[in-house]
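Each chain, letter by letter, is given below.
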Amino acid sequence: MALYKDEKLKVFTLNSNRDLAHEISEHIGIEMGKCSVTRFSDGEIQINIEESIRGCDIFVIQSTSSPANEHIMELLIMIDALKRASAKTINVVIPYYGYARQDRKARSREPITAKLVANLLETAGASRVITLDLHATQIQGFFDIPVDQLVGVPILADYFQTKNIDDIVIVSPDHGGVVRARKMADRLKAPIAIVDKRRPKPNVAEVMNIVGNIEGKTAIIIDDIIDTAGTITLAANAMIEQGAKEVYACCTHPVLSGPAIERIQNSKIKELVVTNSIPLPEEKHIDKIKQLSVGPLMAKSIIHVHEERSVSLLFD
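About the thresholds
- Residues numbered from 1 in each chain as written.
- Predicted model: local features only at pLDDT ≥ 70, side-chain atom pairs only at ≥ 80, totals over all residues.
- Heavy atoms only, no water.
- UniProt positions renumbered as here; feature names shortened; annotations may be inferred.
- Buried < 20%, exposed > 50% of the residue type's maximum accessible area, 1.4 Å probe, protein only.
- Helix = DSSP H or I, 4+ residues; strand = E, 2+ residues; numbered from the N terminus.
- Contact = heavy atoms within 4.5 Å.
- Core = buried A, V, L, I, M, F, W, Y, C linked by side-chain atoms within 4.5 Å.
- Axes fitted to C-alpha atoms, helices over the stretch in contact; angles between N-to-C directions.
- Parallel < 35°, antiparallel > 145°, perpendicular 65-115°, else oblique.
- Left-handed = near helix turned anticlockwise from the far one by under 90°.
- Nonpolar A, V, L, I, M, F, W, Y, C, P; charged D, E, K, R; others polar.
- Pairing = 2+ DSSP bridges.
- Phe/Tyr/Trp six-rings, centres within 6.5 Å; stacked < 30°, edge-to-face > 60°.

Per an unreviewed UniProt entry, the protein is named Ribose-phosphate pyrophosphokinase, and its organism is Evansella vedderi. According to UniProt, the comment filed for the protein under the heading Sequence similarities (unreviewed entry) is "Belongs to the ribose-phosphate pyrophosphokinase family. Class I subfamily." As stated in UniProt under Pathway (unreviewed entry), the record for the protein gives "Metabolic intermediate biosynthesis; 5-phospho-alpha-D-ribose 1-diphosphate biosynthesis; 5-phospho-alpha-D-ribose 1-diphosphate from D-ribose 5-phosphate (route I): step 1/1."

See the structure below:
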């Protein structure tokens, strides 16, 4: 491991994604910052930073995945501790930004939780956010501090390129994901198709029809989040019925809650490719799921931010 020379760069991790955090610190070439996250007897979170961070650029790695409330609270308390310990900058690295699905008022009397979380992070004292594939790109505008949004498409596309699959079509599971599908299609030089679906209520998907030619082709469905896997498995089954040769699926954030694993296991999906923005517990490791690491990308982005270099260069 090549050692990173600047002692003013420090990386800390909380409890949501320790394996990814340690991988990031290894790629950078520094030791993980020393801090303890414990509990008072009533369950309140207690954080202690066990080294001097005065005048340092601090990067805290924490996905706000399930249990989201716990992980957000840990992050807010850590930011406060860092601010009071005279950190020069507090850069919050959030591989998966939770509460992002409510990014507007779709119905009357609804909250906008993505904005609320942004307010909490800023008020606590974060000076920058580095995140990966926000559910809606306009969430960047909810912050008054810099937001660097990394993208997972190149990592997923590179994996499929190594498989040398012929006659690919990239499929967006809904109209909102067309831009993402187009980016993937450009990298793989493939056409796109769109699943036209109606969703009667949250987490219940009803596939209607497929716009585009999928007959005899290998379909790759791409999404940012797979939660209960209802949409993706129904879409895969519909594509096989409508003449697709094989169906792969991929996403950046494998939330995979409730019946997701069972649905994927029983579906026509040949392989589901995900990243480690959210750690997968042992019971979710099935043969059909392939997990790729965002560690090298996150490590490079941290170095670029610390050295005041362009982050967008990483995707050119």
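Let us now look at helix α4 (residues 153-162). Within α4, seven of the ten residues are buried, leaving the element largely enclosed by the surrounding structure. Buried residues of α4: V153, P154, I155, L156, A157, Y159 and F160, and no others. On the buried face of α4, the contacting elements are α5 (178-188), β11 (218-226), β12 (246-254), β13 (269-275), β14 (289-292) and α8 (295-306). Downstream of α4 by one or two residues, N164 has phi in the positive range, about 50°.

The next thing to look at is the nonpolar core. Formed by 44 residues in total, the largest nonpolar core has its most connected members in I28, F160, I170, M184 and I220. In this view, I220 contacts F160, I168, V169, I170, V171, M184, L188, Y248 and C250; residues no more than four positions away in its chain are not counted. Listed in part, the 37 residues of the second largest apolar core include I53, A118, A124 and L134.

So, about the packing of helix α1 (residues 18-28) against α8. As a packed pair, α1 and α8 sit with axes 8 Å apart at the nearest point and diverge in direction by 55°. On the basis of the axis angle, α1 is oblique to α8. Of the two elements, α1 crosses α8, and the hand of that crossing is right-handed. Of α8, the residues touching α1 (which contributes L20, E23, I24, H27 and I28) are G295, P296, M298, A299, I302 and I303. Looking at the contact of α1 with α8 residue by residue, the class counts come to eight nonpolar, two polar and one charged.

Attention shifts here to the UniProt feature "domain: Ribose-phosphate pyrophosphokinase N-terminal" (unreviewed entry) in the protein. UniProt feature "domain: Ribose-phosphate pyrophosphokinase N-terminal" (unreviewed entry): in the numbering of this structure it lies at residues 9-125. Taken end to end, residues 9-125 has its terminal C-alpha atoms 18 Å apart, with 34% of it in helix and 22% in strand.

Before going further, it helps to examine the sheet that holds strand β1 (residues 9-13). If you trace the five strands from one edge of the open sheet to the other, you get β1-β4-β5-β6-β7, paired in parallel fashion. The open sheet has two free edges, formed respectively by β1 and β7 (147-150), since each of these has just one partner strand. Neighbour-to-neighbour, the strand axes of the sheet open up by a mean angle of 20°, direction not taken into account. Both strand β6 (residues 128-132) and β7 contribute to a ladder of four bridges, which runs parallel. Following the sheet pairing, T131 is matched in β7 by Q149. Most of the contacts of α1 go to β1, to which it runs at about 165°, and overall it touches β1 and β4 (57-61).

It is worth spelling out the packing of aromatic side chains at this point. According to the stated counting rule, one finds three aromatic pairs in the structure shown. Arranged with centres 5.6 Å apart and planes meeting at 75°, the rings of Y159 and F160 form a pair that is edge-to-face. Given a relative accessible area of 14%, Y159 falls into the buried group. The buried category is assigned to F160, whose relative accessible area is 1%. Between F160 and Y248, the ring centres sit 5.8 Å apart and the planes meet at 80°, which makes this aromatic pair edge-to-face. With a gap of 88 residues between them, F160 in helix α4 and Y248 in strand β12 connect regions that are remote in the sequence. Taken together, the ring pairs in this structure connect Y159, F160 and Y248 into an aromatic cluster.

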